[in-house]
Amino acid sequence: NAGVTQTPKFQVLKTGQSMTLQCAQDMNHEYMSWYRQDPGMGLRLIHYSVGAGITDQGEVPNGYNVSRSTTEDFPLRLLSAAPSQTSVYFCASGDSYEQYFGPGTRLTVT
Amino acid sequence: GDSVTQMEGPVTLSEEAFLTINCTYTATGYPSLFWYVQYPGEGLQLLLKATKADDKGSNKGFEATYRKETTSFHLEKGSVQVSDSAVYFCALSEAGNKLVFGAGTILRVKS
């Protein structure tokens, strides 16, 4: 039981490049979400999904896209990276009792 | 909207000292309250939670009591260890799944 896995662990992008952060869970949770962590700001919700085919925006969705074609996977796409998207990104899955977080992806945009 | 405010750090303590990290919240309804811990280089782990007023969450020697009258959920531990050095996040959830986090408090424990 791997829990929540994220790839890659580290990534450096140039401004304007696109990429996809991968997230997978093996706990059969319907709910999955993406957060970004910035110094002094805690974690802020980017997008979330309550099940396959259903996604919605969180607090800071601009510049990011998501889709949910399976229960297990919830990728986060950066369409045109900007320096303001330099951050640590966490994926989570869970239920109404507890959220489980992945180890994070550290993204730097130059 | 909902928000969480927690004391700024870093908090630096000697081993076996008493720990308090303050957390207050603003919410429109009756949220569940959480403390998460993040060890260096890792993701967040749930430390404890409370779902209604006067509930006390506890785990690994840490405690926090849901105080509705003061809208607070302060984290306490009677005797900290070096291994407790981490970042601690207070959070709330009104919708069961969506979490609103405080800014985090860095705790450093010296031997």
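What you see is a predicted model, and the numbers here were worked out from it, not measured in a lab.

## Focus on the state of the cysteines
Item 1. Using the criterion set out here, one finds two disulfides over all chains in the structure.
Item 2. The disulfide that involves A:Cys23 links it to A:Cys91, with 1.8 Å between the sulfurs. Measuring the twist about the S-S bond at about -70°, one finds the A:Cys23-A:Cys91 disulfide to be left-handed. With A:Cys23 in strand β3 (residues 19-25) and A:Cys91 in strand β9 (residues 87-94), this pair connects stretches of sequence that are 68 residues apart. Like A:Cys23, the residue A:Cys91 is buried in the burial classification.
Item 3. Across the disulfide from B:Cys23 sits B:Cys90; the S-S distance is 1.9 Å. Measuring the twist about the S-S bond at about -70°, one finds the B:Cys23-B:Cys90 disulfide to be left-handed. Linking B:Cys23 in strand β4 (residues 23-26) with B:Cys90 in strand β10 (residues 86-93), this pair joins segments that are 67 residues apart in sequence.

## Quick word on the interface of chain B and chain A
Item 1. Of the residues lining the interface, 16 residues belong to chain B; the matching set on chain A comes to 19 residues.
Item 2. For the pair chain B and chain A, the summed buried surface comes to about 1400 Å²; carbon and sulfur atoms form 56% of the total.
Item 3. Remark: the boundary between chain B and chain A carries zero salt bridges.
Item 4. Counting across the interface, chain B meets chain A through four residue pairs in polar contact (both at pLDDT 80 or more).
Item 5. Those elements that place two or more of their residues in the side of chain B that touches chain A are β5 (32-38) and β6 (44-50) of chain B.
Item 6. Class assignment of the residues belonging to the side of chain B that touches chain A gives a composition of eight nonpolar, five polar and three charged.

## Details of the side chain of B:Gln38
Item 1. Within the fold, B:Gln38 resides in strand β5.
Item 2. We classify B:Gln38 as buried; its relative accessible area is 10%.
Item 3. Only 3.0 Å separates the side chain of B:Gln38 from the side chain of A:Gln37, close enough to count as a polar contact.
Item 4. Here the side chain of B:Gln38 touches B:Glu42 through a polar contact of 3.1 Å, landing on its backbone oxygen.
Item 5. If near-sequence neighbours (up to four positions away) are discounted, B:Gln38 is found in contact with A:Gln37, A:Phe90, B:Gly43, B:Leu44, B:Ala86, B:Val87 and B:Phe89.

## Considerations on the sheet that holds β3(A)
Residues and elements named next belong to chain A.
Item 1. Pairing within the open sheet is antiparallel, and its four strands lie in the order β1-β3-β8-β7. Bordering the open sheet on either side are β1 (4-7) and β7 (64-66), each of which pairs with just one other strand. For this sheet the average axis-to-axis angle between neighbouring strands, irrespective of direction, equals 20°.
Item 2. Pairing analysis gives three bridges linking β7 to strand β8 (residues 76-78), with the strands arranged antiparallel.

## Quick look at the pairing of strand β11 (residues 105-109) of chain A
Residue and element names in this part refer to chain A.
Item 1. By the alternation rule, side chains of β11 split into Thr105, Leu107 and Val109, which are all buried, and Arg106 and Thr108, of which none is buried.
Item 2. As defined by bridge partners, strand β2 (residues 10-13) adjoins β11 across four bridges and the pair is classed as parallel. Considered in β11, the bridge of Phe10 is made with Arg106.
Item 3. As defined by bridge partners, β9 adjoins β11 across three bridges and the pair is classed as antiparallel. Within β11, the residue paired with Ser87 across the bridge is Leu107.

Scoring rules and cut-offs
- Per chain, residue numbering runs from 1 following the sequence as it is written.
- To read the labels, note that chains go from A and ligands from 1, taken in the order they are written.
- With pLDDT at 70 or above as the cut-off, local features in this predicted model cover only qualifying residues; side-chain atom pairs require 80 or more to be listed or tallied, and sums for whole chains, interfaces and linings still use all residues.
- Calculated side-chain values reflect all of the structure's heavy atoms, with hydrogen atoms and water omitted.
- Defined by distance alone, a disulfide is two cysteine sulfur atoms within 2.5 Å.
- Secondary structure is summarised from DSSP: a helix means a run of H or I of at least four residues, a strand means a run of E of at least two, and numbering begins at the N terminus for each.
- Summary of the burial criterion: residues with accessible area below 20% of their type's maximum are buried, those above 50% are exposed, and those between are partly exposed, where the area comes from a 1.4 Å probe applied to protein chains only.
- Contact between two residues is taken to exist if any of their heavy atoms lie within 4.5 Å; hydrogens are not considered.
- Values labelled buried area give the accessible surface lost by two parts on being combined, using a 1.4 Å probe and summing over both.
- Whenever a carboxyl oxygen of Asp or Glu lies within 4 Å of a side-chain nitrogen of Lys or Arg, that contact is scored as a salt bridge.
- Here a polar contact means two N or O atoms within 3.5 Å. Within protein one must be a hydrogen donor candidate and the other an acceptor candidate, and residues neighboring in sequence count only if both atoms are side-chain atoms.
- Each residue is assigned to one class: nonpolar for Ala, Val, Leu, Ile, Met, Phe, Trp, Tyr, Cys and Pro, charged for Asp, Glu, Lys and Arg, and polar for all the others, Gly among them.
- Two strands are counted as paired when DSSP detects at least two bridges linking them.
- Geometry is summarised by axes, namely lines fitted to C-alpha atoms with helices restricted to the contacting stretch, and by angles between N-to-C directions that run from 0 to 180 degrees.

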